[in-house]
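Structure at a glance
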Amino acid sequence: MAETVVTSEVMQGGPLPAERELFVNMGPQHPSTHGVLRLMLRVDGERVLGLKPDVGYLHRCFEKIAERRQVTMVIPYTDRTDYLAAITSEWAYVLAAEKLMGVEVPERAEYIRVIVGELQRIASHLLWFGTFALDLGATTAFLYAFRERESLFDIFQKLTGARMLYNYLRVGGVRNDLYDGFADDVLRFLNVLEEKLREYHNLLTGNRIFETRTKGVGVVTKEQAIAYGASGPVLRGSGVPHDLRKAHPYSVYDRFEFGIPVGEHGDVYSRYVVRMQEFYESIKIIRQALKTIPGGPWMGDVPRRMKLTGDVYTRIESPRGEVGVYLVGDGSDQPYRCHYRSPCFVHLQLLEPMGVGHLIADMVAIIGSIDIVMGEVDR
Amino acid sequence: MPEQLQPLAEAIRERFPELVVQAKLDNWLEVKIAPEQSREFFQFVKEHPKLAFDYLSDVTSVDYIQQGLFQVVYHLVSMGTDARRRGKLRVKIDVPRDNPRVPSVVDIWPTANFHEREVYDLMGIVFEGHPDLRRILLREDWVGHPLRKDYVDQRPKRPRVTR
């Protein structure tokens, strides 16, 4: 029974598979699909002829649950959407709630959010780097990246109490102030990171095998990227210099000087280059923020009983791309509708145009270059 | 209305004088259209040189059960223009709850494919002209559309085991 359903979906009413064509499942249990992603592949030997992603294995009804929780109670759920970049996931939601309620966030809290957000970007990119290299066979990179992540986890744990899913941002600010010694810890980490980035580049960039596996693979043209709603490094890798922190600045990002790395060819290698460069840009932002962070409260004036009215759609730049939250209020303290726009959900549509014609092994590189997190795709 | 949004609103009203274009929170232009004018309207805002809404950020839906309608909400952004003219447009389409059908925009913005499938899956709104309208997040044999306010889980209740 399952077989007929799947085959007819893949064939889309076309002719029965020819003798050379094979239907192969990649996932949902697969070491290189980064979570529970199922790709229905039509292959001729190793060459991919057609591809359909099948998602929903991690669907946890986030949007329905959010309709039955008070405003602040939704925040831990947002953590668990993009669980590798929990701060940015919370940020999109908290920003939407603040706009609906007209709450002003004090400057110190904004600076804290930027610092923590950029640290989160570094953590997320480290994991991407490690798993991407691991998928291609470079196991050492994985261990190196996770060593750096441990230092970040220590900092996050001291600050928020948690290593990965923080529940740290609040409507109107952050849950608690920076601890004494935070700046020293972070600056020390950034110095170490810069050294380690040289090691990482030594491992991969310029490596002949790595370049053969990534250059010219999974190309997305500029027009395709915009038409398919790509964002973040996927969009920038194709040559579109669009970063929400510059195009529609939120929080205090307009006070910092940083660049937007843009790729040239839209292939896996370009996206790799973009993310590697983003490490340096994040380091720049954090150093500037730590230098100029003002004193003051870390939580704004928020009414005890929150009331959401109206609707708003806020977008922020997460490590994966544009995260959007469409929040609708009905005058009560619970969202009437909370929709979470996930960048990876949209990028999955690009897998077919990117992958057709390539080998299954190239699919692994392509999936890695999109940096998928299924928690965000399925919510 | 904020200054930067004026020319965009005027461009829309020039072609569709009957539409009400509002400026909402966070510099979003908002307009409500009828399902019948959807395709014409979307083609227009994408191709008009002053509007150039070439990037569809999101398609989502809200269940206004009290008013007996679903609302499909599109969020459009202009990517290819220079920063000063970058506009943000929210388009809302109301459809009756008993027959929710809206034209698909997949051929205008290919990114709409998965978004419309998700709206169909969770809210039950049918997108006419969609090349592959089937469930995306839930199992293909799921009954019902969970995001609806009157959704009741149809699955048989399992007996609770305490030991």
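These numbers were taken from a predicted model, which means no experiment stands behind them.

Looking only at helices and strands, chain A features 16 helices and eight strands. For chain A, the spread of C-alpha atoms along the three principal axes comes to 70 × 50 × 35 Å. Contacts in chain A between residues at least 24 apart in sequence constitute 71% of all its contacts with a sequence separation of at least 6.

Before going further, it helps to spend a moment on the overall build of chain B. A count of helices and strands for chain B gives three helices and seven strands. Listed N to C, the secondary structure of chain B is α-β-β-α-β-β-β-β-α-β in terms of helices and strands. Referenced to the eigenvectors of the C-alpha coordinate spread, the extents of chain B come out at roughly 65 × 35 × 30 Å. A buried classification covers 38% of the 163 residues belonging to chain B. Of all intrachain contacts in chain B linking residues separated by at least 6 positions in sequence, the fraction that spans at least 24 positions is 51%.

The subject of this paragraph is the pairing of strand 5 (residues 88-96) of chain B. All names here are of chain B. Note: strand 2 (residues 28-33) against strand 5, five bridges, orientation parallel. Paired with Ile 33 across the bridge in strand 5 is Ile 93. The sheet contact formed by strand 4 (residues 69-77) and strand 5 spans nine bridges and is antiparallel. Of the residues in strand 5, the one forming a bridge with Val 72 is Ile 93.

The subject of this paragraph is the nonpolar core. Grouped together as the largest cluster of nonpolar side chains are 149 residues, with contacts concentrated most on Ala 96, Ala 97, Leu 327 and Ile 366 of chain A together with Val 72 and Leu 76 of chain B. Counting residues per element, this core draws most heavily on helix 5 (residues 107-135) of chain A, at 15 residues. Three or more residues apiece are contributed to this core by two domains, here domain 1 (2-54) and domain 2 (62-378) of chain A. Every residue in contact with Leu 327 of chain A, bar those within four places of it in the chain, is listed here: Ala 96, Ala 97, Leu 100, Leu 308, Asp 311, Val 312, Pro 335 and Cys 338 of chain A.

Residue and element names in this part refer to chain A. Counting buried residues along helix 15 (residues 360-370), nine of its eleven residues qualify, which places the element largely inside the surrounding structure. Residues of helix 15 that are buried include every one of Asp 362, Met 363, Val 364, Ala 365, Ile 366, Ile 367, Gly 368, Ser 369 and Ile 370, and no others. The positive-phi residue at the C-terminal boundary of helix 15 is Asp 371, with phi of around 65°.

Now for the sheet that holds strand 2 of chain B. Sheet strands associate in pairs through backbone hydrogen bonding, adopting either a parallel or an antiparallel arrangement. Residue and element names in this part refer to chain B. Taken in spatial order, the five strands make up an open sheet running 1-2-5-4-3, and their pairing is mixed. Only two strands of the sheet have a single partner each, and these edge strands are strand 1 (21-24) and strand 3 (55-64). Within the sheet, the average angular offset between the axes of one strand and its neighbour, ignoring direction, is 25°. As defined by bridge partners, strand 3 adjoins strand 4 across nine bridges and the pair is classed as antiparallel. From the neighbouring strand, Thr 60 faces strand 4, where its bridge partner is Val 73. In this fold helix 3 (residues 112-123) packs onto strand 3 and strand 4, with an angle of close to 10° to the strand it touches most, strand 3.

Attention now moves to the pairing of strand 7 (residues 321-330) of chain A. All names here are of chain A. In terms of burial, strand 7 is largely enclosed, as nine of its ten residues are buried. Where strand 6 (residues 309-318) and strand 7 come together, ten bridges link them in antiparallel fashion. Bridging across to strand 7, Ser 318 finds its partner in Gly 321. Hairpin connection of strand 6 to strand 7: two residues between the antiparallel strands. In this structure, the hairpin formed by strand 7 and strand 8 (residues 335-341) is closed by a connection of four residues, where Gly 331 is found at a positive phi of approximately 90°.

Between chain A and chain B, the contact holds 31 residues from the first and 27 residues from the second. Those elements that provide at least two residues to the side of chain A that touches chain B are helix 2 (62-66), helix 9 (222-227), strand 6, strand 7, strand 8 and helix 13 (343-347) of chain A. Residue classes in the side of chain A that touches chain B are distributed as 14 nonpolar, nine polar and eight charged.

With that out of the way, let us pick up the confidence of the model for chain A. Of the residues in chain A, 95% reach a pLDDT of 70 or more, and the chain-wide mean stands at 90. This stretch, residues 1-11 of chain A, has a pLDDT under 50; its non-local contacts, to residues over four places away or in other chains, come to nine contacts.

Here the focus is the domain arrangement of chain A. Residues and elements named next belong to chain A. Its domain assignment divides chain A into domain 1 (2-54) and domain 2 (62-378). In this structure, domain 1 and domain 2 have C-alpha centres spaced 31 Å apart. When residues in the side of domain 1 that touches domain 2 are grouped by element, the largest group, six residues, is from strand 3 (residues 47-54). Partitioned by chemical class, the residues of the side of domain 1 that touches domain 2 number nine nonpolar, five polar and two charged.

With that settled, the discussion passes to the environment of Val 126 of chain B. All names here are of chain B. Topologically, Val 126 is positioned in strand 7 (residues 126-128). Considering only alpha carbons, one finds Val 126 and Val 102, 24 residues apart in sequence, at a separation of 6.3 Å. Excluding residues that lie within four positions of it along the chain, Val 126 makes contacts with Pro 100, Arg 101, Tyr 120 and Leu 133.

Let's shift gears to the confidence of the model for chain B. Summary statistics for chain B give a mean pLDDT of 89 and a share of 96% for residues scoring 70 or more. Model confidence for the complex is summarised by a pTM of 0.90, with the ipTM given as 0.91.

All names here are of chain A. Strand order in this open sheet of three strands is 1-2-3, and the pairing throughout is antiparallel. Edge strands, defined here as strands with exactly one partner in the open sheet, are strand 1 (21-26) and strand 3. Neighbour-to-neighbour, the strand axes of this sheet turn through a mean angle of 20°, independent of strand direction.

Attention now goes to the packing of helix 7 (residues 182-203) of chain A against helix 12 (residues 268-292) of chain A. Residues and elements named next belong to chain A. Orientation of helix 7 relative to helix 12, taken along the N-to-C sense of each, is 155°, at an axis distance of 11 Å. Between helix 7 and helix 12, the angle is such that the two are roughly antiparallel. Of the two possible hands of crossing, helix 7 and helix 12 adopt the one that is left-handed. Between helix 7, through Ala 183, Val 186, Leu 187, Leu 190, Leu 193, Glu 194 and Leu 197, and helix 12, the contact on the second element is made entirely by Phe 279, Ile 283, Ile 286, Arg 287 and Leu 290.

Reading the values: the criteria
- Residues numbered from 1 in each chain as written.
- Chains lettered and ligands numbered in written order.
- Predicted model: local features only at pLDDT ≥ 70, side-chain atom pairs only at ≥ 80, totals over all residues.
- Helix = DSSP H or I, 4+ residues; strand = E, 2+ residues; numbered from the N terminus.
- Contact = placed C-beta atoms within 7 Å.
- Buried ≥ 20, exposed ≤ 12 C-beta atoms within 10 Å, placed from the backbone.
- Pairing = 2+ DSSP bridges.
- Core = buried A, V, L, I, M, F, W, Y, C linked by C-beta atoms within 7 Å.
- Domains from an automatic or database assignment.
- Axes fitted to C-alpha atoms, helices over the stretch in contact; angles between N-to-C directions.
- Nonpolar A, V, L, I, M, F, W, Y, C, P; charged D, E, K, R; others polar.
- pLDDT = per-residue confidence, 0-100.
- Parallel < 35°, antiparallel > 145°, perpendicular 65-115°, else oblique.
- Left-handed = near helix turned anticlockwise from the far one by under 90°.

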